[in-house]
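Understanding the architecture of this molecule
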Amino acid sequence: MTKVHSLEGKHRLCVLKFGSSVLERQEDYRTAAQEVYRHVREGEKIVAVVSALAGETDALLEQAGAVGGEAPPALVARLARVGELRSAALMALALCRMGVRACALDPHEMGLEAEGDPLDSNLCSLDAAAVLDRFADHEVVVVPGFTAGHARHGVVTLGRGGTDLSAVFFAARLGSKRVRLLKDVDGVYAEDPAKNPRAERYGALGYEAAAEASAGLIQPKAIFAAAAEDIVVEIAAIGHHEATVIAAGPARKEVPLPWPPLKVALLGCGAVGAGVLSYLEQRPDLFRVNPVLVRHPDRHSSEGGAVFTTDLSEALAGDPDLVIELLCGADRPADIMLGALRRGAHVVTANKAAVARHYDALHAAAEAAGASLAYSAAVGGAVPVLELLERLRPGPGVVAIEGVMNGTANYLLSRMGEGWSLEDAVAKAQELGFAEADPAADVDGHDAADKLSILVREAFGVALPPGRIFKQSLRDVGRGDAAAALARGQVLKQVARCRFGRDGSVRAEVRIEALPASHPLAAARNEENSFLVTDRDGVPHAVHGKGAGRWPSAAAVFADVMDLQRALASAGSAAAAPARLSA
Ligand code: HSE
């Protein structure tokens, strides 16, 4: 197969495939989207190949028979493919709600063509540029795995169970060397793990051996197509990092890691906390949640089994392994986190005010106790800007960052451009759940300064308290200024910038600026965030997405939690901290 086009060198492209075994119910799109987000955090661009929800293709074929009898196969295919089209749209919707820039493509939009029988056709061509071009402004392209265009029949379906092969086909045509097939088992086992709980799993398998050992789990045709293109195929379960890796080389067996459940204290159940709680409740096998600390227990639903308390000691009872801190304020939450870290608990927080003001104390406590401290959601919501800095750290390092990093301010300026008053726009942002409890933090630039202070620390290793960062307030924007800027072809943005000087000094400020519409930061809409990071070689790196709101922030918090869970499972002991999260 020929490579037509390739992604810019700094991006890795991975093809993920979600079959019907992991898309059983509507709620599974959120779980699958979280899995995709994990790869986006690692800086990968993703093609997500999806099957229909479990049972849907059978139901469509049955419906075709009930209505059409012995219908022409090409007409049956026209109906049977609908499950995949629907599934691709649902997956893209789940990703967008989470704040990841995703789009879905139908076969005709990417020149995806198949040949052969209408109900058993084989993919034969793809306009790779039509897919890769979407990555200019998306992190994820979702594609249906079971349908394509056809020169004679217009639209067709592939052979049943052929989505593995589709994933390999996309990888080959798009120049990707990595395909991860998400299944309901975490790899290929030497024996049936349902019959023998101590069954060994293959950590690695050569292509030939894989075709034999994985019969019934992966299509042999998919394995041979991968072998022909030197594509590494991973068989994995959602949330796990262990996998069977199929590539050229010898087979290796390993004993699967145990995943002991973590005892979790959740402190705060507001806009973000309620989202995090629903993620935790989806995985009772992994998390035992203590009574959740809230101000008004009667305002929270116990439908998922959660108990609520106003008593901090009850919320922290029994030495939790993990404390998730999502409270308002800075000093009291920092004290609570310090106490937890000193007791050896791991901490995940979204609290930028606490992290910015107590950075050294929190990191020192984590290091002393060998515990981890993670706060991806504190800057950028779902936008993985801290992860980008971490990737650049061992390489060229960073010289400057500029960004739209307060979603509420961006939302307010968007509304003011439409003629809204600042007060009305603030009320709406509060209703939508992304303004801070005290919206002055957003309006007056304090929240952006907190985030900038953390970025300065992580990028340059320099302590710059948020109080020393100059901030311009949205209150300085006159009525009509935002609309006037639009009329001039500009947009008003709250821009936070920092730069590392040759003399080791750091300049940082938060200003309201009129940017030309063509400026990369100008594209951030509503509560979106956008960051431009310039490395010391002068190369710009951009990350975008939703920076505020329940689901984007909850996705980042939960991704930190799952990283911790995986690191603890790998370390085989709840005492070990993951290297990338620790201070
Ligand atoms: N109020 C913050 C914002 C929430 O609007 O960006 C996310 O940090």
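Residues numbered from 1 in each chain as written. Predicted model: local features only at pLDDT ≥ 70, side-chain atom pairs only at ≥ 80, totals over all residues. Heavy atoms only, no water.

**Section: the environment of H541**
Position of H541 among the secondary structure elements: in strand 26 (residues 540-546). Residues H541 and G68, 473 residues apart in the sequence, show an inter-C-alpha distance of 54 Å. Of note is the side chain of H541, whose polar atom sits 2.9 Å from the side chain of D535. (Helix = DSSP H or I, 4+ residues; strand = E, 2+ residues; numbered from the N terminus. Polar contact = N/O pair within 3.5 Å; in protein donor to acceptor, adjacent residues only side chain to side chain.)

**Concerning the nonpolar core**
In this structure, F18, V140, I324 and V557 are the most contacted members of the largest nonpolar core, which totals 65 residues. In terms of residues, this core owes the most to one element, helix 20 (residues 550-571), which gives twelve residues. Three or more residues apiece are contributed to this core by two domains, here domain 1 (12-184) and domain 2 (262-379 + 553-573). Every residue in contact with V557, bar those within four places of it in the chain, is listed here: V272, V276, I324, L326, V348, A350 and A377. (Core = buried A, V, L, I, M, F, W, Y, C linked by side-chain atoms within 4.5 Å. Buried < 20%, exposed > 50% of the residue type's maximum accessible area, 1.4 Å probe, protein only. Domains from an automatic or database assignment. Contact = heavy atoms within 4.5 Å.)

**Description of the domain arrangement of the chain**
Each domain of the chain was delimited in the assignment, giving domain 1 (12-184), domain 2 (262-379 + 553-573) and domain 3 (392-546). Distance between the C-alpha centres of domain 2 and domain 3: 27 Å. The partner domain 3 presents 13 residues to the 13 residues of domain 2 that form the contact. Taking both partners together, domain 2 and domain 3 bury about 1100 Å²; carbon and sulfur atoms supply 65% of that area. Linking domain 2 with domain 3 are four salt bridges. The salt bridge involving R357 is made with D450; its shortest N-O contact spans 2.8 Å. Taken together, domain 2 and domain 3 are joined by six residue pairs in polar contact (both at pLDDT 80 or more). Broken down by secondary-structure element, the contributors of at least two residues to the side of domain 2 that touches domain 3 are helix 12 (352-357) and helix 13 (359-369). Examining the composition of the side of domain 2 that touches domain 3, we find that five residues originate from one element, helix 12, more than from any other. Considered class by class, the residues forming the side of domain 2 that touches domain 3 number nine nonpolar, one polar and three charged. (Buried area = accessible area lost by both parts, 1.4 Å probe. Salt bridge = Lys/Arg side-chain N within 4 Å of Asp/Glu carboxyl O. Nonpolar A, V, L, I, M, F, W, Y, C, P; charged D, E, K, R; others polar.)

**With respect to the site of the ligand**
Every residue close to the ligand is listed here: K352, N406, G407, T408, F434, E436, D442, D447, K451, G547 and A548. Here G407 contributes a backbone N or O atom positioned 2.7 Å from an oxygen atom of the ligand. The contact in question runs from a nitrogen atom of the ligand to an N or O atom on the side chain of E436, over 2.6 Å. About the coverage of the ligand: the protein hides 95% of its 260 Å² of free accessible area. (Near = heavy atom within 4 Å. Areas by Shrake-Rupley, 256 points an atom, 1.4 Å probe, with all protein chains shown as cover.)

**Notes on the sheet that holds strand 7 (residues 147-150)**
Taken in spatial order, the four strands line up as 5-4-7-8 in an open sheet, and their pairing is mixed. The sheet is open, and its two edges are formed by strand 5 (120-125) and strand 8 (154-157), each paired on a single side. Here the strands of the sheet are splayed against their neighbours by 50° on average, with no regard to which way each runs. Inspection of the sheet shows strand 7 paired to strand 8 by four bridges, in the antiparallel sense. Bridge pairing links G149 to V155 in strand 8. (Pairing = 2+ DSSP bridges. Axes fitted to C-alpha atoms, helices over the stretch in contact; angles between N-to-C directions.)

**A look at the packing of aromatic side chains**
Across all of its chains, the model carries seven aromatic pairs by this definition. Considering the side-chain rings of Y411 and F434, the 5.2 Å spacing of their centres and the 70° angle between planes classify their relative orientation as edge-to-face. Residue Y411 is located in helix 15 (residues 407-417), and its partner F434 is located in the loop between helix 16 (422-432) and helix 17 (440-443); the two are separated by 23 residues in the primary sequence. The exposure class assigned to Y411 is buried, which follows from its relative accessible area of 5%. Relative to F500, the ring of F460 has its centre 5.2 Å away and its plane inclined at 35°; by these criteria the two rings are tilted. Taken together, the residues F460 in helix 18 (residues 446-460) and F500 in strand 23 (residues 490-500) connect sequence positions 40 residues apart. In this structure F460 comes out as buried when scored by relative accessible area, which is 11%. (Phe/Tyr/Trp six-rings, centres within 6.5 Å; stacked < 30°, edge-to-face > 60°.)

**Some remarks on the sheet that holds strand 3 (residues 102-104)**
If you trace the nine strands from one edge of the open sheet to the other, you get 3-6-2-1-9-11-12-10-13, paired in mixed fashion. If you trace the sheet from one side to the other, it starts and ends with strand 3 and strand 13 (252-254), each paired once. Going from strand to strand, the sheet's axes swing by 20° on average, the running direction of each strand aside. Two strands pair when backbone bridges link them, and strand 11 (residues 232-237) and strand 12 (residues 243-246) are joined in this way by four bridges, in the antiparallel orientation. The residue of strand 12 that forms the bridge with A236 is A243. Where helix 1 (residues 28-41) meets the sheet, it contacts strand 1 (12-18), strand 2 (44-50), strand 6 (140-144), strand 9 (178-183) and strand 11, and its direction lies at approximately 165° from that of strand 1.

**Focus on unusual backbone geometry**
For D230, which is not glycine, the phi torsion reads 60° and is therefore positive. Note that D230 resides in the loop between helix 8 (220-229) and strand 11. Despite not being glycine, N526 has its phi angle at roughly 45°, a positive value. Note that N526 resides in the loop between strand 24 (506-516) and strand 25 (528-535).

**Here's the deal with the pairing of strand 10 (residues 201-205)**
For strand 10, a buried count of five out of five residues is recorded, marking the element as mostly surrounded by other parts of the structure. Bridge analysis of strand 10 against strand 13 gives three bridges, and the strand direction is antiparallel. Along strand 13, the bridge assignment pairs R201 with E254. Strand direction decides the pairing type here: strand 10 and strand 12, joined by two bridges, are parallel. Each bridged residue has a counterpart across the sheet, and for L205 the counterpart in strand 12 is I246.

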